[in-house]
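# Coordinates in review
Each chain is listed here by its residues.
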Amino acid sequence: MEKAETPLQEVRAKIAKACNIARRDPGEVTLVAVSKTHPAEAIEPLLIEGQRHFGENRVQEAQGKWSALKERFPATVLHLVGQLQSNKAEDAVELFDVIHSLDRSSLVKALAKAKEKAGRCPECFIQVDVGEEDQKGGCAIADLPALVAEAREAGIPLAGLMCIPPADIEPAPFFALLDKLAHDNGLPGRSMGMSGDFETAIMLGATHVRVGTALFGARG
Ligand SMILES: *Cc1c(COP(=O)(O)O)cnc(C)c1O
């Protein structure tokens, strides 16, 4: 095997290796490069290397950075991975192709309205509060079936489920839980795994891994 020369090559090689061990097709796993807080100059080299999926956590920051970059790299697929306020739903629907943080009924309603107005709607992951920690957002596990049904009724295209496991404890059980919840709700996508644990997430069924630090270095 050739030696990986860039962080992107290194992460891709690790994804391929985890897929190989799990007997999965690497084409089933989308690498979302989380570029939040990093300027356009840090993002451009990855675009030039062929990376197409990028994640941001704030609508306003993403608008500023991506309007020019998207013009130059029109095949870019932008993912919102951070919490979304209902009053920013319209802007988010304009800019993003995928939203990973749909987590409550009021946001389903705001997105449905924004979808009506824009004539398009990003694919959405429902974020699940797998660790039962309030501060990160996410729908309570008990409320998930009702939220899935409401989003489906509102015509929001659902890609799957997303989670951010609690910090500093073994994430694998939470990834396994998200996989089961996605299965139980008939949803294909599992957005799980970050720089420290994306290989574990892939072993447990991740379809989208959200990797920032391993690609861009530490955030300031
Ligand atoms: C910042 C962030 C990531 C990336 O985290 P790293 O540890 O830097 O890879 C992934 N998902 C979400 C929701 C984030 O906010």
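These remarks concern the structure in this document. (Residues numbered from 1 in each chain as written. Predicted model: local features only at pLDDT ≥ 70, side-chain atom pairs only at ≥ 80, totals over all residues. Heavy atoms only, no water.)

### Remarks on the packing of aromatic side chains
Under the criterion given, the structure shown has 1 aromatic pair. Centroid distance Phe54 to Trp66: 5.1 Å. Interplanar angle 45°. Geometry classified as tilted. You can see Phe54 sitting in strand 2 (residues 53–56) and its partner Trp66 sitting in helix 3 (residues 59–72), a full 12 residues away along the chain. By the burial criterion, Phe54 is buried, and Trp66 matches it. (Phe/Tyr/Trp six-rings, centres within 6.5 Å; stacked < 30°, edge-to-face > 60°. Helix = DSSP H or I, 4+ residues; strand = E, 2+ residues; numbered from the N terminus. Buried < 20%, exposed > 50% of the residue type's maximum accessible area, 1.4 Å probe, protein only.)

### As for the environment of Arg190
Locating Arg190 in the fold gives a position in strand 7 (residues 189–191). C-alpha separation for the pair Arg190 and Lys113, spaced 77 residues apart in sequence, amounts to 26 Å. Excluding its chain neighbours within four sequence positions, the residues that come into contact with Arg190 are Phe125, Leu161, Asp179, Ala182, His183, Gly205, Ala206, Thr207 and His208. A polar contact of 2.6 Å, which involves the side chain of Arg190, links it to the side chain of Asp179. (Contact = heavy atoms within 4.5 Å. Polar contact = N/O pair within 3.5 Å; in protein donor to acceptor, adjacent residues only side chain to side chain.)

### Topic: the packing of helix 5 (residues 105–118) against helix 6 (residues 144–153)
Orientation of helix 5 relative to helix 6, taken along the N-to-C sense of each, is 10°, at an axis distance of 10 Å. As the angle between them shows, helix 5 and helix 6 are arranged roughly parallel. Between helix 5, through Ser105, Val108 and Lys109, and helix 6, the contact on the second element is made entirely by Leu147, Glu150 and Ala151. (Axes fitted to C-alpha atoms, helices over the stretch in contact; angles between N-to-C directions. Parallel < 35°, antiparallel > 145°, perpendicular 65-115°, else oblique.)

### Quick look at the nonpolar core
Generally speaking, a soluble globular protein has its nonpolar side chains buried in company with each other. In this structure, Leu102, Leu111 and Ile156 are the most contacted members of the largest nonpolar core, which totals 62 residues. Top contributing element to this core by residue count: helix 5, with 6 residues. What Leu111 contacts, discounting residues up to four positions off in sequence, is Leu84, Ala89, Val93, Ile99, Leu102, Cys124 and Ile156. (Core = buried A, V, L, I, M, F, W, Y, C linked by side-chain atoms within 4.5 Å.)

### Remarks on helix 1 (residues 7–21)
With 15 residues, helix 1 should reach 21 Å at 1.5 Å per residue; the first-to-last C-alpha distance of 21 Å fits that figure. Residues Leu8, Val11, Ile15, Ala18 and Cys19 constitute the buried set of helix 1. Down the axis of helix 1, the sector holding all buried residues measures 100°, keeping them to one side. Exposed residues pointing more than 90 degrees away from the buried face of helix 1 are listed as Lys17, Asn20 and Ile21. (Expected span 1.5 Å × (residues − 1). Arc of directions from axis to C-beta.)

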